[in-house]
Amino acid sequence: MIPTLLLTLATAANLAPVTGTQDDERTRWSIHAEKIYAAPGELIENGSVRVDAGKITRLGSGGGGDISVYAITAGLVDASVRIHEDRLSVEESSEIQPALRVADTLDPFSHLWQRQLRSGVTTVMVSPLDRNVVGGLSVVLKTGGPENIAARTVAVDAALCGAIGSSPSRGNHAVYGLPTDFFSRRPTTRMGVEWEWRRAFYDAALAQRHGAELDEDARGLLQVLAGVRPLFIQAWATQDIRTAAFFVEEMAREDFGQIRLIVDAAAEAWKEPAFLVRTGAGVVLPPFPHNGRSGPDRAFTAWSSAAQLHAAGIPLALSSHGAQSPADRLDRQAGYAMRGGLPFDAALAAVTLTPARMLGVDESVGSIAVGKDADLVLWNGEPFAATSRAVGVLLEGRLIVDPREEN
Amino acid sequence: MRSTIQSALALTLLAAPLLAGDGRLAIRAGKIITQAGEAIIDGTIVIENGRITAVGAEVEVPWDVEVLDATHLTAFPGFVEAHGNRGMDRPNENIDVAPFLNIRDSIDPVNFYFEDSLRWGVTTINVQQGASCVIGGQGMVVKPFGMTVEEMLVRPASGIKLSASPKSGKSRATQAQALRKAFTELEHYLAGLVQKQKDGDDSARREALYQGRDLDSEEAREGRAQAGSAAWTVADLELIPRGEIDEKQAPLLDLVEGRIPAWFYCGAPMDVRVALEVARKNGFLAQTTLVLASSCWKAADEIAEAGVPVVLSAALMHIERDPVTGEEIETFVPKVFKEKGVRYALASSNQSTQSLWFQAASCVAQGMSRAEALAAVTTVPADILGLGKRVGSLEKGKDGNVLLLSGDPLSVTSFVEYVVLEGSTVYDRSKDVRMRHLLEGETPEGTAPAGSEEPKVHEHEDEVVTEEEPVDAGEDKE
Amino acid sequence: MLILSLALASLAPASKPLAPVSEVFAIRAEQLHLADGTVLENGLVLVDGDTIAAVGSGVSVPAGAALVEHAGHLTTGLIALGEHAGGSGELRDSTRTVLAGGRLAHAFAPGHSQLEALLAEGITSLVLAPSAGSLSAGCTAVVKSAGDTVVSERAQLHIGLSSASLLSNRRPTSYSGALRDLEALLSSAHGDFGAAARGELPVLIEARSRHEVQRAVAFVAEHKLRGAISGAPLAGELAADIAAAGLSVISDPRSPGASQRSIDALLSLAEAGVPFGFKLASPARHANTLRMGVALCVRRGLSPATALRSLTVDAARIAGVDERIGALATGRDADLVLWSGHPTDLTSSVKAVLIDGQLVYGEL
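Trainee: Lay out the overall build of chain C with the relevant residues and their values.
Mentor: A tally of regular secondary structure across chain C gives 12 helices and 17 strands. The burial tally for chain C puts 58% of its 364 residues in the buried class. Look at the contacts in chain C between residues 6 or more apart in sequence, and 66% of them connect residues 24 or more apart. Counting every atom, chain C has about 13,200 Å² of accessible surface; 52% of that belongs to carbon and sulfur.

Trainee: Account for the overall build of chain A, with residues named and values stated.
Mentor: Looking only at helices and strands, chain A features 11 helices and 19 strands. Counting across all 407 residues of chain A, residues that qualify as buried make up 62%. Relative to all contacts within chain A whose residues are 6 or more apart in sequence, the contacts with residues 24 or more apart total 67%. When the accessible area of chain A is evaluated, it comes to approximately 14,500 Å², of which 51% is carbon and sulfur surface.

Trainee: Lay out the packing of helix H4 (residues 190-209) of chain A against helix H5 (residues 216-225) of chain A with the relevant residues and their values.
Mentor: All names here are of chain A. At a minimum axis separation of 9 Å, H4 and H5 run at an interaxial angle of 90 degrees. Looking at the two axes, H4 sits roughly perpendicular to H5. Note on element contacts: H5 touches H4 through Ala-218, Leu-221, Leu-222, Val-224 and Leu-225, opposite Ala-200, Phe-201, Ala-204, Ala-205 and Gln-208. Looking at the contact of H4 with H5 residue by residue, the class counts come to 9 nonpolar, 1 polar and no charged.

Trainee: Give me the lowdown on the pairing of strand S1 (residues 24-33) of chain C, citing residues and values where you can.
Mentor: Residue and element names in this part refer to chain C. Of the strand pairs in this sheet, S1 and strand S2 (residues 39-48) are connected by 9 bridges, and their pairing is antiparallel. What sits directly across from Leu-32, in S2, is Leu-40. Between S1 and the antiparallel strand that follows it, S2, lie 5 residues; Gly-37 among them carries a positive phi value of about 100 degrees. Here 7 bridges tie S1 to strand S4 (residues 66-76), and the two strands are oriented parallel to one another. Paired with Arg-28 across the strands is Glu-69, a residue of S4.

Trainee: Residues and numbers for the packing of aromatic side chains, please.
Mentor: Per the stated rule, a full pass over the model turns up 18 aromatic pairs over all chains. When the ring of Trp-197 of chain A is compared with that of Phe-201 of chain A, the centres are 6.1 Å apart and the planes differ by 20 degrees; the resulting orientation is stacked. Residue Trp-197 of chain A and its partner Phe-201 of chain A are both found in helix H4; the two are separated by 4 residues, about one turn of the helix. Exposure class is identical for Trp-197 of chain A and Phe-201 of chain A. Each is buried. Members of the aromatic cluster, joined through ring pairs, are Phe-288, Trp-303 and Tyr-336 of chain A together with Trp-357 and Phe-358 of chain B. Positioned above the aromatic ring of Phe-415 of chain B, the side-chain terminus of Arg-429 of chain B is 4.1 Å from the ring centre.

Trainee: Quick rundown of the environment of Ala-305 of chain C? Include the residues and the values.
Mentor: When you line up the elements, Ala-305 of chain C lands in helix H11 (residues 304-311). The spacing of Ala-305 of chain C and Thr-38 of chain C is 267 residues in sequence and 8.3 Å in space, taken between C-alpha atoms.

Trainee: Would you mind going over the sheet that holds strand S6 (residues 121-126) of chain A in detail, with residue names and values included?
Mentor: Two modes of strand pairing occur in sheets, parallel and antiparallel, and in both the strands are linked by backbone hydrogen bonds. Residue and element names in this part refer to chain A. Strand order across the open sheet formed by 4 strands is S5-S6-S8-S9, with mixed pairing between neighbours. Pairing within the sheet leaves two strands with one partner each, and these edge strands are strand S5 (76-78) and strand S9 (153-155). Pairwise comparison of adjacent strand axes, ignoring direction, gives a mean angle of 25 degrees for this sheet. Sheet contacts for helix H2 (residues 111-118): S6 and strand S8 (139-142); angle to S6, the most-contacted strand, approximately 130 degrees.

Trainee: Explain the pairing of strand S2 (residues 42-52) of chain A residue by residue, including any values.
Mentor: Residue and element names in this part refer to chain A. Sheet topology note: the strand S1 (residues 29-39)/S2 ladder contains 9 bridges and is antiparallel. Pairing of Tyr-37 across the sheet is with Leu-43, part of S2. Once S1 ends, the chain turns through 2 residues before running back antiparallel as S2, passing Gly-41 with a positive phi of about 85 degrees. Connecting the antiparallel pair S2 and strand S3 (residues 55-61) is a turn made up of 2 residues, with Ala-53 showing a positive phi of about 50 degrees.

Trainee: Can you tell me about the confidence of the model for chain C, naming the residues and giving the values?
Mentor: All names here are of chain C. Scored by pLDDT, chain C has a mean of 87; 88% of the residues are at 70 or more. Within chain C, the lowest mean pLDDT, 37, falls on helix H1 (residues 2-11), and the highest, 98, falls on strand S15 (residues 336-339). Across residues 1-19 the pLDDT falls below 50, and counting only partners more than four positions away or on other chains, this stretch makes 22 contacts in the model.

Trainee: Can you break down the pattern of salt bridges residue by residue, with the values?
Mentor: A pair can form between side chains of opposite charge whenever their charged atoms are brought close. Residue and element names in this part refer to chain B. This model, assessed by the stated rule, comprises 70 salt bridges over all chains. Residue Lys-281 is joined to Glu-277 by a salt bridge in which the shortest nitrogen-to-oxygen separation is 3.9 Å. With Lys-281 and Glu-277 both in helix H8 (residues 269-281) and 4 residues apart, this pair spans about one turn of that helix. Classification of Lys-281 by relative accessible area gives partly exposed; the value is 48%.

Trainee: Tell me about the environment of Gln-234 of chain A, and please be specific about residues and values.
Mentor: All names here are of chain A. Here Gln-234 shows up in strand S11 (residues 231-234). On the basis of relative accessibility, which here comes to 5%, the residue Gln-234 falls in the buried class. Through-space distance from the C-alpha of Gln-234 to that of Ala-265 is 5.7 Å; in sequence the pair is 31 residues apart. Apart from the residues within four sequence positions on either side, Gln-234 is in contact with Arg-82, Asp-130, Gly-162, Ala-163, Ile-164, Ser-167, Asp-264, Ala-265 and Pro-296. At 2.9 Å, the side chain of Gln-234 forms a polar contact with the side chain of Asp-130.

Trainee: An account of the packing of helix H4 (residues 172-198) of chain B against H8 of chain B is needed here, citing residue identities and associated values.
Mentor: All names here are of chain B. In contact at an axis separation of 11 Å, H4 and H8 are set at 10 degrees when each is read in the N-to-C sense. Relative to H8, H4 is oriented roughly parallel. Contact residues: H4 offers Arg-172, Ala-176, Leu-179, Arg-180 and Phe-183, while H8 offers Met-270, Asp-271, Val-274, Glu-277 and Val-278. Considering only residue class, the contact of H4 with H8 consists of 6 nonpolar, no polar and 4 charged.

Trainee: Before we move on, can you summarise the sheet that holds strand S7 (residues 138-139) of chain C with the specific residues and values?
Mentor: Spatially, the 6 strands line up as an open sheet ordered S7-S10-S11-S12-S13-S14 (chain C), and their pairing is mixed. If you trace the sheet from one side to the other, it starts and ends with S7 and strand S14 (276-278) of chain C, each paired once.

Trainee: Before we move on, could you go through the environment of Gly-397 of chain B and cite the residues and values that matter?
Mentor: Residues and elements named next belong to chain B. With respect to the element layout, Gly-397 can be found in the loop between helix H13 (379-384) and strand S15 (402-405). A residue is classified by how much of its surface remains accessible, and Gly-397, at 35% relative accessible area, is partly exposed. Sequence separation of Gly-397 and Glu-48 is 349 residues, and the distance between their C-alpha atoms is 9.7 Å.

Trainee: Provide a residue-level description of the side chain of Ser-80 of chain A, including the pertinent values.
Mentor: Along the chain, Ser-80 of chain A turns up in the loop between S5 and H2. Dropping the residues within four chain positions of it, Ser-80 of chain A is found in contact with Met-125, Phe-232, Asp-264, Val-284, Ser-319, His-321 and Gly-322 of chain A.

Trainee: Tell me about the interface of chain A and chain B, residues and numbers included.
Mentor: Size of an interface: often given as the accessible area lost when the parts come together. The partner chain B presents 44 residues to the 43 residues of chain A that form the contact. Buried surface at the junction of chain A and chain B, both sides included, amounts to about 3,700 Å², of which 51% is carbon and sulfur. Three residues stand out in chain A for area buried against chain B, namely His-290, Asn-291 and Arg-339 of chain A, and they jointly supply 22% of the buried area on that side. When the shortest N-O distance is used, the salt bridge between Arg-329 of chain A and Glu-330 of chain B registers 4.0 Å. Applying the counting criterion to the chain A and chain B interface returns 17 residue pairs in polar contact (both at pLDDT 80 or more). Counting only elements with at least two residues in the side of chain A that touches chain B, the list comes to helix H1 (2-12), H2, helix H6 (238-253) and helix H9 (330-339) of chain A. If one sorts the elements of the side of chain A that touches chain B by residue count, H9 of chain A sits on top with 5 residues. Of the residues contributing to the side of chain A that touches chain B, the split by class is 13 nonpolar, 17 polar and 13 charged.

Trainee: Summarise a negative patch on the surface; cite the residues concerned and give the values.
Mentor: Taken together, Asp-104, Glu-213, Asp-215 and Glu-216 of chain A together with Glu-183 and Glu-222 of chain C make up a surface patch of like negative charges. Examined against the element boundaries, Asp-104 of chain A turns out to sit in the loop between S5 and H2.

Trainee: Help me get a handle on unusual backbone geometry, residues and values and all.
Mentor: Residues and elements named next belong to chain A. Across the junction of Arg-186 and Pro-187, the peptide omega takes the value -10 degrees, indicating a cis bond. Locating Pro-187 in the fold gives a position in the loop between strand S10 (160-163) and H4. One non-glycine residue, Arg-298, adopts positive backbone phi at about 50 degrees. Assignment of secondary structure puts Arg-298 in the loop between strand S14 (293-294) and strand S15 (299-300).

Criteria and thresholds
- Residues numbered from 1 in each chain as written.
- Chains lettered and ligands numbered in written order.
- Predicted model: local features only at pLDDT ≥ 70, side-chain atom pairs only at ≥ 80, totals over all residues.
- Heavy atoms only, no water.
- Helix = DSSP H or I, 4+ residues; strand = E, 2+ residues; numbered from the N terminus.
- Buried < 20%, exposed > 50% of the residue type's maximum accessible area, 1.4 Å probe, protein only.
- Contact = heavy atoms within 4.5 Å.
- Areas by Shrake-Rupley, 256 points an atom, 1.4 Å probe, with all protein chains shown as cover.
- Axes fitted to C-alpha atoms, helices over the stretch in contact; angles between N-to-C directions.
- Parallel < 35°, antiparallel > 145°, perpendicular 65-115°, else oblique.
- Nonpolar A, V, L, I, M, F, W, Y, C, P; charged D, E, K, R; others polar.
- Pairing = 2+ DSSP bridges.
- Phe/Tyr/Trp six-rings, centres within 6.5 Å; stacked < 30°, edge-to-face > 60°.
- Lys NZ or Arg CZ within 6 Å of the ring centre and 35° of its normal.
- pLDDT = per-residue confidence, 0-100.
- Salt bridge = Lys/Arg side-chain N within 4 Å of Asp/Glu carboxyl O.
- Polar contact = N/O pair within 3.5 Å; in protein donor to acceptor, adjacent residues only side chain to side chain.
- Buried area = accessible area lost by both parts, 1.4 Å probe.
- Patch = residues over 30% accessible without salt bridge, like charges linked within 9 Å, V, L, I, M, F, W, Y side chains within 5 Å.
- Lys, Arg positive; Asp, Glu negative; His and termini not counted.
- Charge placed at Lys NZ, Arg CZ, Asp CG, Glu CD.

Put into structure tokens, the structure is as follows:
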């Protein structure tokens, strides 16, 4: 009875829950490792990282440490964790919602963030559920820290998110007689989805061209055309990835603007990388399925997808989609990509620096460098090997997972 | 339907060497991890009549034995799956107590699972009924190769499945009661049989003959019915010729007499007590292996005390939430059993990417020793299956089951390049079109029209796999 | 709304005659509870008509006025915040997400059979609040448990920010959409929303899970609203934020009964100085849960004085009617409850209840 009360009061006072050691609040650490993978292609052997007040203050060879581990990498970055309140994360009353923020719908108390954090994922982007054509603005945030979305946010309105494929039209139906609710509408097919994309952007661009008054939604779309933020489109299958690429090209051809495209869940991007190279798009791969196919469109992800896209020079990020099981989390996805032939440095880039760049947060996260956030993953072996794992995690200088507790 | 045909085709292609082979092969490997002593660098394995006749660095190869040059590869004993319920038509029977059923009739040799097992290096599999039963059918140990169940057979009657966890829609109390009742009924049945024999009633004999049984030869082979080490006995049971016992009851008597192993599923820690009690009272504790959901680590002390081995759930990390603080608590299950001194075998996940090698690697990632982890997928499951002298390591006299890997068995970038089963090469990755498809996305010839965006055949292929998904009904559902 | 209220009025039986005491009378109790928590020994309340004329130890009883001696505790009537009694279940318009200008007072059915159960628990006032399922169902009303007194017909503006307010086939379907629509209503400066935006009308925000409470607190802070959050069983972890936003909390008494965490949450709120009160969900059967919830908190360490305040003066403040009810003080409504013992002690029983100076339950 009494311990329960104490714990609850402690939480109420905004102290870190559970382990009540002083180390929880400590933000000055020096960590030694046999290998520090500071950035893709940048290995420091037998070195140490010093952090203070949430930032990395020193990085170099030699040096002792409060903690010594086998390897250190930067905190992992996942551009597509789907830890949201499902259908409450997307406003379905209209298919085009360029002004709504998914940040307003998230639950910072969800235990799923802790799972990501424990597996070494420290920075994530969350998008609305794929039920709308244009779902809204995503947010980039840390997976730990104060239980408050605003306090964890790294970048607000990081990207405008939407979907191409079968998902956005799901639930809509044609009108027979009187419409029963707002789902009596377009799109009910892939064609309709594409039409909605084009209509929304054409309307906004033409309204601007003709000097018409612009509403909040139109302004949101125009910002994407102006390159203020990237367009993050979920497209699993080849035909949908093509649609995304052709759409971006059409907008440029019409002189509406040059969209920065990121294709999310691009399972079949490996089939036709040329279109993505042509549009300068980046790719976020979905988690590797065990027997080839996954997602709403049953798209086929070859094990070598990551290696092929990397070889084509396409900016590449891996994602676990917020996997719950330790066997499917982001570090494992990097291992699976390596099984398909992706070199280690490229795998490291695909779970750290590349997604950080895509989301525009590489100034603070994505690699180990003086002045960047002290988000570190401590490994008991080679990162991404099946025989090693994240035994320690620092988030903004706080030791969230302590490798010394490992026995 | 088409996928079945596809599997059959794929297997037929692979089957060619076996049909031609004679169980004689010499393998020169760059490294041999024997699981019985130190690794051998640049060694040779000689297999004759399906058995290993020599392993070592300096081994003489008979002049007429075909040599497989694998000097760039690592040889490793095939992984052993101690308990699984995939590869069957349907893993669960409707009848609550059905020990008279046999998995033999349910195994589908062309099931994708067996083909996939080779791909991930699993060469010995104990196939048991699913856990949605009270007392299930009898399982068998197979190798994942062959066009018929007979060809696949390694050991028949590998045990009877029991479940202490309720079938869906039933309560735990009902389940426990049904388990106890099955054995009480056996006892009553046997007592009745003895009484009838004394009364000169030969109806049991006539029923046995009606069932088409050859009573004389059965008696000669198996002797008379007798009580085992159960806490109960039936007086004068030796009066009964074994062949007269109803075939629906006979397998349970085998269990009570300790003639056949038991695979007892526990879906929650509380089930362990029931399972151990039933096994103890009916005399088959020594033949019992517990098949555990991950939460059952909480009963590790009880299990250690009973001295029974266990097969762990594929979900090695047990995650639960503190009901008061809402914090998550993670427990790595194999570590607990290791600390308690319980013998444990690991099991594959239904996701083939998380096959036995991955499970063992996960143990190493959690700080367990490599030797411990590898044993839990080779020698320990072999011992639990009573096949310790046949599989699990590369030693003279054992079955000639060898994996040839492109690298270390626990590396995520290693591939199984060849599988040798009893001296015959049954898997060659360079000929595995489906693997090439999974890996490189290359569409295998004849499986889909060229340029098709969504070759339908693969969707069906997936369905075959998903059909098997609800395996251990009740697994971790608490 | 007109049709609704007419229908309800026709359902309502005529108010039953209340037992008259006398125009001016006094009650002296062994323990008399004042709003600030002080307890007067042998304190006296002087009632003149429907109002309290004086309270104190040294109050003299006018000649001719009756004096009732009570060997027990005397408090003001308890207040249930948010409740369905007397509303015949018609507390939400399911056809619209926002019922601008809606008045729960129109759903009040004086003399409704469910109200009697409240009197037996010493509850003399209740807030009629809508059932969950809309973004805003209009304004709550404060009514008395006996008679047809409506204390306030525009007590709080109801706002639904819980998942129960978001239906999948009606705008809004998402939290973000709900916030956008509410912002538009507040910025329109019309009607009840305009009054709430100007701080003239308190809000009653439904929010259940922790993130919903957090979202509601941020929304209130951003728009400088005042009022209370209703139905937050785990709000304790957010006590500091709630206090900083100047909000109060209305707890569902079923929650304390169900979970240790929610009781601790209320204790945390008390510690952070957040006023809180309780609502009733199903008064016909569970009128006693109001005091049970409080008693569970007392058992966990809440002071009986704070507990009593949550049922009286704090509740009155949350409902914006503390000028009239919630305290034994000169000029307030003469709503009195005579108890056998302390009201937060579950072994205590109600001996008599007076509303507006009229005996409505028990005997004097």
